[in-house]
Amino acid sequence: MPYMWMEINTSNVNTMINRKECANPKCSEYFTSVNARKRFCSLVCKNQAAYWHKQVVYEWENRIQKQRLKNIKILESLYKRGIYTANDIELKKMGFILEAAIIPDLTAENQTVFRFGNHYLVMIEANEFRIKKVK
Ligand SMILES: [Zn+2]
């Protein structure tokens, strides 16, 4: 029988079952599905693969986002204790990394502003900042 005829014949059968390997790199299970677009053996594998994909592709963004949250906590803590100025060395010692800021903004007085959550740093000199809270 010609090959083409076989292929057309099987495609008419809707219950064609595909056996394939799970697309999760951390899983080597084989599974069967009638859905040709199904790529994972389970929902757990689908979620795990998405998680690891994000970890690899958005490594920089994830690292910066974690650092931004750390920066926010440091500024909140300083502000609560009544500390309204800090220099870059003091901030760095506390684990603060200024580079984890979103693109800095400018005040009306042309001072550079780095916002972290509801707090922000106003650059008053090259390495000196005023800690402010959004009102
Ligand atoms: Zn799997």
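A.B. asks: Mind showing me how you'd approach the environment of Phe116 here?
C.D. replies: Of note, Phe116 is situated in strand β5 (residues 112-116). Given 23 C-beta atoms within a 10 Å radius, Phe116 is considered buried. C-alpha separation for the pair Phe116 and Leu98, spaced 18 residues apart in sequence, amounts to 9.8 Å.

A.B. asks: How should I be thinking about unusual backbone geometry in this particular structure?
C.D. replies: Only a minority of non-glycine residues have a phi that is not negative, and only a minority of peptide bonds are not trans. Here Asn110, not a glycine, exhibits a phi torsion of approximately 65 degrees, which is positive. Considering the arrangement of structural elements, one finds Asn110 in the loop between β4 (105-106) and β5.

A.B. asks: I tried to follow the sheet that holds β4 on my own but got confused; where do I start?
C.D. replies: Adjacent strands of a sheet form backbone hydrogen bonds with each other and so pair up, either parallel or antiparallel. On the basis of which strands lie adjacent, the open sheet formed by 5 strands has the order β3-β7-β6-β5-β4 and antiparallel pairing. Of all strands in the sheet, those with a lone pairing partner are β3 (85-87) and β4, marking the two edges. Relative to strand β6 (residues 119-125), β5 runs antiparallel, the two being bridged by 4 bridges. Counted as the bridge partner of Val113 is Val122 from β6.

A.B. asks: For this particular structure, what's the right way to read helix α3 (residues 59-80)?
C.D. replies: One full turn of an α-helix is made of 3.6 residues, so residues set three or four places apart face in the same direction. Given a rise of 1.5 Å per residue, 22 residues ought to cover 32 Å, and the 32 Å separating the end C-alpha atoms of α3 matches this to within 8%. Following α3 by one or two positions, Gly82 has its phi on the positive side, about 80 degrees.

A.B. asks: Just to check I follow, could you spell out the environment of Val134 for this structure?
C.D. replies: One can find Val134 in the segment after β7 (128-133). Judged by the 8 C-beta atoms lying within 10 Å of it, Val134 falls in the exposed class. Taking the C-alpha atoms as reference, Val134 lies 7.4 Å from Tyr120; in sequence the two are 14 residues apart.

A.B. asks: Would you explain the pairing of β5 in this entry?
C.D. replies: As a general feature of sheets, a regular strand has side chains that alternate between the two faces. Pairing geometry for β4 and β5, over 2 bridges, is antiparallel. When the sheet's bridge partners are listed, Leu106 is paired in β5 with Thr112. In this antiparallel pair of consecutive strands, β4 and β5, the connection spans 5 residues, and Asn110 shows a positive phi of 65 degrees.

A.B. asks: Help me understand helix α2 (residues 43-57), please; the structure alone is not making it clear to me.
C.D. replies: The end-to-end C-alpha distance of α2, which contains 15 residues, comes to 21 Å, matching closely the 21 Å that a straight helix rising 1.5 Å per residue would cover. Judged by how many residues are buried, α2 sits mostly at the surface: 0 of 15 residues are covered.

A.B. asks: What is the right way to read the confidence of the model for the protein chain from this model?
C.D. replies: Reading fine detail from the predicted coordinates is not recommended where pLDDT is low. For the protein chain, per-residue confidence averages 85 on the pLDDT scale, and residues scoring 70 or more make up 88% of the total. In this model residues 1-14 is a low-confidence stretch, pLDDT under 50, and it forms 2 contacts with partners more than four residues away in sequence or in other chains.

A.B. asks: What should I look at first to understand the pairing of β6 in this one?
C.D. replies: Hairpin connection between β5 and β6: a loop of 2 residues separates the two successive antiparallel strands, and Gly117 in this loop has a positive phi of roughly 60 degrees. Sheet topology note: the β6/β7 ladder contains 6 bridges and is antiparallel. Paired with Met123 across the bridge in β7 is Phe129. Counted between consecutive antiparallel strands, the loop separating β6 from β7 contains 2 residues.

Rules used throughout
Numbering of residues starts from 1 in every chain and runs along the sequence as written. Whole-chain, interface and lining totals are the exception, using all residues; otherwise, since this is a predicted model, local features are given only for residues with pLDDT of at least 70 and side-chain atom pairs are given and counted only at 80 or more. Helix and strand assignments follow DSSP, with helices taken as H or I runs no shorter than four residues and strands as E runs no shorter than two, numbered in order from the N terminus. With C-beta atoms placed from the backbone, a residue is labelled by how many other C-beta atoms lie within 10 Å of its own: buried for 20 or more, exposed for 12 or fewer, partly exposed between the two. Strands are labelled as partners when DSSP assigns at least two bridges between them. How far a helix is expected to stretch is found by multiplying one less than its residue total by 1.5 Å. Looking at any residue, its pLDDT shows the predictor's confidence there, from 0 to 100. Contact between residues is assigned whenever the C-beta positions, reconstructed from backbone atoms, fall within 7 Å.

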